[in-house]
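Overview (structure and organization)
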Amino acid sequence: MRLWLKIFLVLGMTLAILIPLLLIRGVINDRQSYRNQAVATIARSYAGAQAFTGPVLVVPYTDFIETDEKDEKGFVRRVVREESSRWTYFPTTLDVRGPLKPSTRRLGLHEVRVYEWQAQAKADFRAELPKTALPAGHTRKIGRPWLSYGFADVRGLLSTPALRIDGAAVEVEEGMASRDGGGVHARLAVPEPGQVLNLRTQLDFNLGGTESLALVPLAKSNRFAIQSSWQHPRFGGSFLPRTRDIGAQGFNADWQVSSLATSAQRQFLDGKTVPSVEGGEMSGGERADTVATGGIDAVAVALVDPVNVYSQADRASKYGLLFVLLTFIGFFIFELIKQLPIHPIQYGLVGLALAIFFLLLVSLSEHIAFAWAYLAASVACIGLLGFYLSAVLRSVGRGLGFAAMLATLYAALYGLLVSEDNALVMGAGLLFLILAAVMVITRKVDWYQLAGSRPLAR
């Protein structure tokens with residue numbers, strides 16, 4: 001009866017420690033939200049996540065239709081109705097490339113990655129205007145075409161873009177002209193019906209943004225190339241790079257996308273101009289989060305932090321209950337075998353010390369590197385528990401033994417955090433080794449005798 005009472009007491013103390021662990025996870029989530037607010041604040045004052053769309057050639061026209069209509073008195077009269085529409089042409093080839101220069105801006109404790117992209121977008125058009133015979137009484141007037149380029153956040157244009165069409169400089173105006181949203185456009189000369197517009201365009205621009213960049217493949221044949229000194233890119237979107245090189249000097253990525261493999265043109269005609277980039281791949285094997293939102297296919301790259309202290313601390317806190325449970329099991333076995341009673345308050349103090357480790361970890365990692373923060377927090381907690389347990393267990397050797405066991409657990413947890421791809425197999429192996437150790441230690445224990453014995457007085 002005393003044995004079962006003790007077992008239920010240990011389980012109750014383990015569940016009670018869940019309360020501070022959940023509170024600490026709430027603190028971690030709050031700090032993560034503060035970091036997201038810092039990103040949003042810097043994006044409002046600088047420029048947000050960027051996307052580049054275009055170019056697109058738009059030719060407006062108006063049809064004048066003469067018809068006979070009856071008025072209210074029944075008299076027939078000749079009226080002319082106007083119907084406005086436009087033809088939209090996409091490039092046959094699109095080549096966008098340029099270096100991406102990263103930098104960091106701080107807001108309080110938080111660092112946010114921004115960049116400047118010195119880009120050059122070359123596109124070739126072959127637009128054959130329709131020349132069809134119109135019915136009697138129908139006339140058509142073609143308006144001035146425009147060439148439009150879209151940007152997710154025009155505040156990121158650090159200088160006036162320079163546009164050249166067939167080698168001649170053309171002045172650009174603000175807005176996409178044909179659609180809502182940010183961008184620039186250039187007006188062209190009015191063409192003749194049936195005329196074939198062969199255009200060679202080149203837009204040079206310097207674009208600033210925060211953390212991510214997306215590019216929309218609107219041409220029949222698309223090629224994108226980005227180079228940067230950032231060592232930890234995350235590739236996302238509808239297409240991953242065809243070739244990429246990631247090293248100590250940064251990364252080079254190259255995309256080649258055919259119009260047969262994407263619905264970007266149809267999506268653009270449906271009114272979608274913002275990229276939809278969900279998921280992705282990061283160097284090191286981590287999965288990516290959303291880079292941008294919207295509804296048009298795109299390729300994307302994000303400048304990510306290889307060690308997100310909040311996500312790492314949150315992952316570590318998920319193992320908090322396991323730490324407490326393993327420590328309490330060790331206490332319980334030691335108490336039964338050595339016949340040295342341990343008070344529930346002592347169980348609780350040890351569990352609280354284990355929980356405080358995760359709070360120390362996230363607070364220190366905001367000021368120093370995550371690895372050093374983990375080392376400092378683990379040394380502090382292991383030292384405290386080693387000192388405390390030397391008195392509780394009435395032996396310095398026993399206290400040091402438990403401290404060594406905790407050091408092994410902390411080292412194993414760090415291995416799980418830095419090797420996400422192998423976390424499952426490492427965690428399963430660790431649990432197997434712990435279970436094997438408990439079975440080996442207790443293999444000769446007579447549990448019936450222990451259940452009927454009375455603990456020695458302290």
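Our subject is the structure listed above.
Everything in this summary refers to the structure shown in the same document.

Rules behind the numbers
Residue indices follow the written sequence of each chain, beginning from 1 at its first position. Reporting of local features is limited, given that this is a predicted model, to residues whose pLDDT is at least 70; pairs of side-chain atoms are given and counted only at 80 or more, and all residues count toward the totals for whole chains, interfaces and linings. Hydrogens and water are ignored here; the side-chain numbers use all heavy atoms of the structure. A pair of Phe, Tyr and Trp rings is counted when the ring centres sit within 6.5 Å of each other, with Trp represented by its six-membered ring. The angle between the planes then sorts it: under 30 degrees is stacked, over 60 is edge-to-face, the rest tilted. Put simply, DSSP marks the helices as runs of H or I at least four residues long and the strands as runs of E at least two long, and each gets a number from the N terminus on. The cut-offs for exposure are 20% and 50% of the maximum accessible area for each residue type, with area from a 1.4 Å probe on protein chains only; residues under the lower value are buried, those over the upper are exposed, and the others partly exposed. A fitted line through C-alpha atoms represents every axis, and for helices the fit uses only the stretch in contact; the resulting angles, taken between N-to-C directions, go from 0 to 180 degrees. Throughout, the term roughly parallel applies to angles under 35 degrees, roughly antiparallel to angles over 145, roughly perpendicular to angles from 65 to 115, and oblique to all others. Throughout, a crossing is termed right-handed when the near helix is turned clockwise from the far one, and left-handed when it is turned anticlockwise from it by less than a right angle. Any two residues having at least one pair of non-hydrogen atoms within 4.5 Å are treated as being in contact. For this classification, the nonpolar set comprises Ala, Val, Leu, Ile, Met, Phe, Trp, Tyr, Cys and Pro, the charged set comprises Asp, Glu, Lys and Arg, and every other residue, Gly included, is treated as polar.

Okay, the packing of aromatic side chains next. Using the criterion set out here, one finds 14 aromatic pairs in the structure. Taking 5.9 Å as the distance between ring centres and 80° as the angle between the ring planes, the aromatic pair formed by F90 and F268 counts as edge-to-face. With F90 in the loop between β2 (76-89) and β3 (93-107) and F268 in helix α3 (residues 264-269), the pair connects residues that are 178 residues apart, well separated along the chain. By relative accessible area, F90 is classed as buried at 14%. Judged by its relative accessible area of 2%, F268 is buried.

Attention now goes to unusual backbone geometry. P55 follows G54 through a cis peptide bond whose omega is 5°. Checked against the element boundaries, P55 lands in strand β1 (residues 50-70). Phi is positive for D166, close to 55°, though the residue is something other than glycine. Relative to the helices and strands, D166 is located in the loop between β7 (162-165) and β8 (168-170). Of note, the phi angle at E211 is positive, near 70°, even though the residue is not glycine. On the secondary structure map, E211 appears in the loop between β11 (196-210) and β12 (212-215).

On to the packing of helix α2 (residues 18-45) against helix α4 (residues 309-317). Where α2 contacts α4, the axes come no closer than 10 Å and their chain directions differ by 165°. Judged by the inter-axis angle, α2 sits roughly antiparallel to α4. Seen from above, α2 lies across α4 with left-handed handedness. Between α2, through R25, I28, N29, R31, Q32 and R35, and α4, the contact on the second element is made entirely by Y310, S311, A313, D314 and S317. The residue inventory of the contact of α2 with α4, partitioned by class, reads 3 nonpolar, 4 polar and 4 charged.

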